[in-house]
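# Residue-level structural notes
Listed below, chain by chain, are the residues.
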Amino acid sequence: MLSIVILGTGTIAKHLVGALSKVKEVRLAQVVGRNQEQLLWFSGFAPISTDFKAIMDADIYLIAVKDDAIVEVSRHIFDKKGIVAHVSGATPMNSLPMENRGVFYPLQSFTEGRPLDFRTIPFCIEAQKEDAAETLKVLAGYLSDSVSDVDSQQRKKLHLAAMYVNNFSNYLYGVGEKLCEEEGLPFDLLKPLILETAEKIQVMSPKEAQTGPARRGDKKTMKAHLALLHDKKQIELYKLFSEAIKKVYEEKL
Ligand SMILES: NC(=O)c1ccc[n+]([C@@H]2O[C@H](COP(=O)([O-])OP(=O)(O)OC[C@H]3O[C@@H](n4cnc5c(N)ncnc54)[C@H](OP(=O)(O)O)[C@@H]3O)[C@@H](O)[C@H]2O)c1
């Protein structure tokens, strides 16, 4: 049985506690956070406390606070014997000051109140000590079918890659929504296309899956598209993306 203390009461803390509470090999020893109101959400799952000086002993401490508070919070558990791991994609492991440190990073975009299937979420594990890495992997394996060793340098790149495929593409959905609105059309019309684009790359590479005028070198259509745009930023982005796509397929054009 692994005993776990969660530090933080935000989105990730809620998702993790919800998932860990279903694992019979895990005991949620405590949830500690500074936000009394948010802490109450956890009271049905584990003992709760706002006192960072009264953190219980546990096998694993998961720091689930915002990135720039990780170091500050970790100081409260500097003397604990258990493994201290943060759950951040962008924070190096060695920003934690203790020796028995690690990373327990679930690569997914979590939204409060939106349930996710944890079995499909990739967990990226790193630890200073080999036995700690094994323990974190065991814990991740209770939740997910996808557990990988990923060091801090690799995780930095992975986090950057995630920005492209998630944050930037989501921004582009917003551009699409705005263009639909300008013509009084529902964004729903684009949703099957969005789904097909995401499903297609499950079975082929993005390079193979790419379609559109830039890939075809269809200058007439690109010119017509540009004429429809008014926003300077959108014109710049259209040109940048088209150039970048064109370059990938240059040899074939
Ligand atoms: N959300 C995601 O999709 C996602 C995915 C993977 C990893 N992560 C990682 O998960 C961690 C938490 O992210 P989140 O999305 O759960 O953020 P969040 O919902 O904004 O929650 C942040 C938590 O940090 C606490 N906090 C902030 N400053 C603090 C301080 N100085 N001392 C103590 N607690 C403090 C907040 O408490 P208050 O309520 O009092 O402000 C809140 O409980 C981050 O490291 C993030 O990179 C997030």
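So, how was this worked out
Residues numbered from 1 in each chain as written. Predicted model: local features only at pLDDT ≥ 70, side-chain atom pairs only at ≥ 80, totals over all residues. Helix = DSSP H or I, 4+ residues; strand = E, 2+ residues; numbered from the N terminus. Buried ≥ 20, exposed ≤ 12 C-beta atoms within 10 Å, placed from the backbone. Contact = placed C-beta atoms within 7 Å. Near = placed C-beta within 6 Å. Nonpolar A, V, L, I, M, F, W, Y, C, P; charged D, E, K, R; others polar. Domains from an automatic or database assignment. Expected span 1.5 Å × (residues − 1). Bend = angle between axes of the 7 residues up to and from the residue.

### What to know about the overall build of the chain
- Helix and strand counts for the chain come out as 10 helices and eight strands.
- Expressed as a percentage of the 253 residues in the chain, the buried residues total 26%.
- Long-range contacts, defined as pairs at least 24 residues apart, comprise 52% of the intrachain contacts of the chain with a sequence gap of at least 6.

### Regarding the site of the ligand
- As a matter of local geometry, the ligand sits amid 23 residues, with G10, N35, V65, A69 and S88 nearest to it.
- Secondary-structure elements contributing two or more residues to the shell around the ligand are α1 (11-20) and α3 (70-74).
- Partitioning the shell around the ligand into residue classes produces nine nonpolar, 10 polar and four charged.

### Focus on the domain arrangement of the chain
- According to the domain assignment, the chain contains domain 1 (2-150) and domain 2 (155-252).
- If you average the C-alpha positions of domain 1 and of domain 2, the two centres end up 36 Å apart.
- Taken together, the contact pairs nine residues of domain 1 with six residues of domain 2.
- For the side of domain 1 that touches domain 2, the secondary structure elements donating two or more residues are β6 (101-106) and β7 (123-127).
- Residues that form the side of domain 1 that touches domain 2 fall into these classes: six nonpolar, two polar and one charged.

### Here we look at helix α5 (residues 152-182)
- For α5, with 31 residues, the first-to-last C-alpha span of 44 Å sits near the 45 Å given by 1.5 Å per residue.
- Maximal helix bending in α5 amounts to about 35°, located at M163.
- Of the residues flanking the end of α5, it is G184, one or two places downstream, whose phi is positive at about 70°.

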